[in-house]
Amino acid sequence: MTDTADVSRGCRGYEENHVQNWCGNISFGSKQKFVPSTVEELQQVVRDAAPPLRVIGRGHSFSPVAECAGGTLVSLARLNLVLDFQPPSDGSVGSITVQGGTTYSEIAKYLAVGRRGALRNLPSCPQFTVAGAIATGTHGSGVHIPNLAADVSMLEFVRADGTLVRYSRETDAATLEGCRVHLGCLGVVSELRLDVVPFFEVDARTYADVPLEAAVRALPELWTRCDSLSVWTSGFGRGPGSGSCWITLRHFLPHWAPPELRAPPAAPLEAALLGESGYLLERPMGRYCSDVDAPTTYSPTRREPWHSALSLTLDDKAEETSMAVVDLQAEFFVPLERATEALRAVWAASAGWAFGSPPTSAERVKGLVDAIELRQVKGDKAWLSPAPVDSLGIHVSFNADLAVRDEVMAAVPALEAALAPFGARFHWGKLSCLRAARVAELYGEGLEQFRSLCDDHDREGKFRNDHVSELLWRRAAPEC
């Protein structure tokens, strides 16, 4: 089966994602395409597939991680059932078991019914599959919250020969923890189980036009003042937002974590930080990626359900909002203890770039960069984790216009060079020019352990496209 119209589930561009990714910078190049409806059918597809076999979720990776030139592309869009739900209770975590094609937005909508429960965190855009997000080390924000893969308590793969293998906290805790970030090299995820915490709300407070220099200096203190912090800026270079940023502090109510991991009660930001320009943003503003001519709006300062507060593209009822605008993304992770130094290096590297308008601006200006977002991630022990220690994620949303594509591809290595002294790792699903030798240097023993498990699952390399083969198995690397 190659049609996808009946499984689009409302996501713009989903019907075409067997050809290219969401942004259009990656063409998959497959010779065969399959959309299995049962796990048994999936096993047969995998067993008989021409290599390389790669899986497409909703196409929100910007690297060639899903490219499969001349091979087989598999979509799990029809495998999106909730298989089991165990509700959380005071003092205990529940769980939700789903098929491999389920999206975060589908889980959020299921948990929103009757306030059944919540996930600890969400990606910015929950329209995308859980399996794809964890495979690439995707994360939310929170100094005490690891990447999204850490919430996975069971993973089931279809191996290259079509057989199933399952890892869980109960039986294979060390292997599960190591392999949760897997880049699709261990097989096709057919089933997975996630932790569920009690339903909570979020008190979100957003401050606009905050002086950027003051925010950079205050950042190590800011992330201790809330449960989840996001700092956005269009201010490192030239443009309407030069020298300013906007800050969102989130407090979880009631919090699911033990007292020692909770932030102190919410308090207003000090006048010394806000300066003369910063203010509490209470008016509605357009949502991320919504149509600029008919934007979906939200209130950035209010108390709201966990799923809308922790994401950019879900509303209060866990309905997906418009994603009419595309960007091209890169992201790098540096240890929190060196966050301020690293940000100053990024500032220096991007000082000459043109940045787009901040969302609070009346101007509509596009530049090389739309915005940079700063988030925090608790370190985890996945072998290929981009955040093995407590880290700052430095996310860059580039202009996706083809007219500036060459400039974007020149900017990425400039950022990597600026961040190299800090041991920066890149997001596996976003732009990077990092070479295989550097990957081996950064990941060391973890990479060796990952390769060993890959050999157990797929000795002939059916699941390895050129991109992952170059990065993880060879010394050479693809050109940026």
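Residues numbered from 1 in each chain as written. Predicted model: local features only at pLDDT ≥ 70, side-chain atom pairs only at ≥ 80, totals over all residues. Heavy atoms only, no water.

Caption draft 1: Region of the structure containing the sheet that holds strand β2 (residues 53-56). Spatial ordering of the open sheet is given by β1-β3-β2, a layout of 3 strands whose pairing is parallel. Two strands in the sheet have a free side with no partner beyond their single neighbour: β1 (32-34) and β2. Strand-to-strand twist of the sheet, defined as the mean angle between neighbouring strand axes without regard to direction, takes the value 25 degrees. Strand direction decides the pairing type here: β1 and strand β3 (residues 72-75), joined by 3 bridges, are parallel. When the bridges of β3 are listed, Q32 appears paired with T72. (Pairing = 2+ DSSP bridges. Helix = DSSP H or I, 4+ residues; strand = E, 2+ residues; numbered from the N terminus. Axes fitted to C-alpha atoms, helices over the stretch in contact; angles between N-to-C directions.)

Caption draft 2: Geometry of the nonpolar core. Residues W306, I394, F398, W428 and L472 are the most contacted members of the largest nonpolar core, which totals 124 residues. If near-sequence neighbours (up to four positions away) are discounted, F398 is found in contact with D327, L328, A330, W353, L368, V369, D370, V408, A411, V412 and L415. In this structure, A49, V74, L76 and L79 belong to the second largest nonpolar core, which totals 12 residues. (Core = buried A, V, L, I, M, F, W, Y, C linked by side-chain atoms within 4.5 Å. Buried < 20%, exposed > 50% of the residue type's maximum accessible area, 1.4 Å probe, protein only. Contact = heavy atoms within 4.5 Å.)

Caption draft 3: View of unusual backbone geometry. Here P51 and P52 are connected by a cis peptide whose omega angle stands at -5 degrees. Positionally, P52 belongs in the loop between α1 (39-48) and β2. The phi dihedral of D209 falls on the positive side, at around 55 degrees, and the residue is not glycine. Here D209 lies in strand β10 (residues 201-211). The exposure class assigned to D209 is partly exposed, which follows from its relative accessible area of 26%. One non-glycine residue with positive phi stands out, namely A318, at about 65 degrees. Its location among the elements puts A318 in the loop between α7 (306-309) and β17 (327-335).

Caption draft 4: The arrangement of the pattern of salt bridges in detail. This model, assessed by the stated rule, comprises 27 salt bridges. A salt bridge links R120 to D151; the nearest nitrogen and oxygen atoms lie 2.6 Å apart. Here D151 lies in the loop between β6 (142-146) and β7 (152-158) and R120 lies in the loop between α2 (104-112) and α3 (130-135), a separation of 31 residues in the sequence. What makes R120 buried here is its relative accessible area of 17%. Taken together, the shared-partner salt bridges connect R120, D151, R169 and D195 into one network. (Salt bridge = Lys/Arg side-chain N within 4 Å of Asp/Glu carboxyl O.)

Caption draft 5: The environment of V189, seen in detail. Relative to the elements of secondary structure, V189 occurs in strand β9 (residues 188-196). The buried category is assigned to V189, whose relative accessible area is 5%. Non-local contacts of V189, meaning those with residues more than four positions away in its chain, are made with L76, G100, A131, L155, E156, F157 and H182.

Caption draft 6: Looking closely at the pairing of strand β11 (residues 228-233). With 6 of its 6 residues buried, β11 lies for the most part within the structure. The alternating pattern of β11 places S228, S230 and W232 and L229, V231 and T233 on opposite faces, both of which are buried. One ladder, built from 6 bridges, connects β11 with strand β12 (residues 244-253); its direction is antiparallel. Note on β12: the bridge partner recorded for T233 is C245. By the bridge criterion, 3 bridges tie β11 to strand β18 (residues 369-378) in an arrangement that is antiparallel. Looking at the pairing, V231 lines up with L374 of β18.

Caption draft 7: View of the packing of helix α10 (residues 436-457) against helix α11 (residues 466-473). Interaxial distance between α10 and α11 falls to 8 Å at its minimum, and their mutual angle equals 105 degrees. Overall, the two elements α10 and α11 adopt an arrangement that is roughly perpendicular. Contacts between α10 and α11 involve A436, V439, L447, F450, R451 and C454 on the former and, on the latter, E470, L471, L472 and W473. Residues of the contact of α10 with α11, tallied by class, amount to 8 nonpolar, no polar and 2 charged. (Parallel < 35°, antiparallel > 145°, perpendicular 65-115°, else oblique. Nonpolar A, V, L, I, M, F, W, Y, C, P; charged D, E, K, R; others polar.)

Caption draft 8: How the structure looks around the environment of K31. In this fold, K31 is placed in the segment before β1. Between the C-alpha atoms of K31 and T72, which are 41 residues apart in sequence, the distance is 6.1 Å. Those residues in contact with K31, other than ones at most four positions away along the chain, are G70 and G71.

Function cannot be read off these values alone, since they describe shape.
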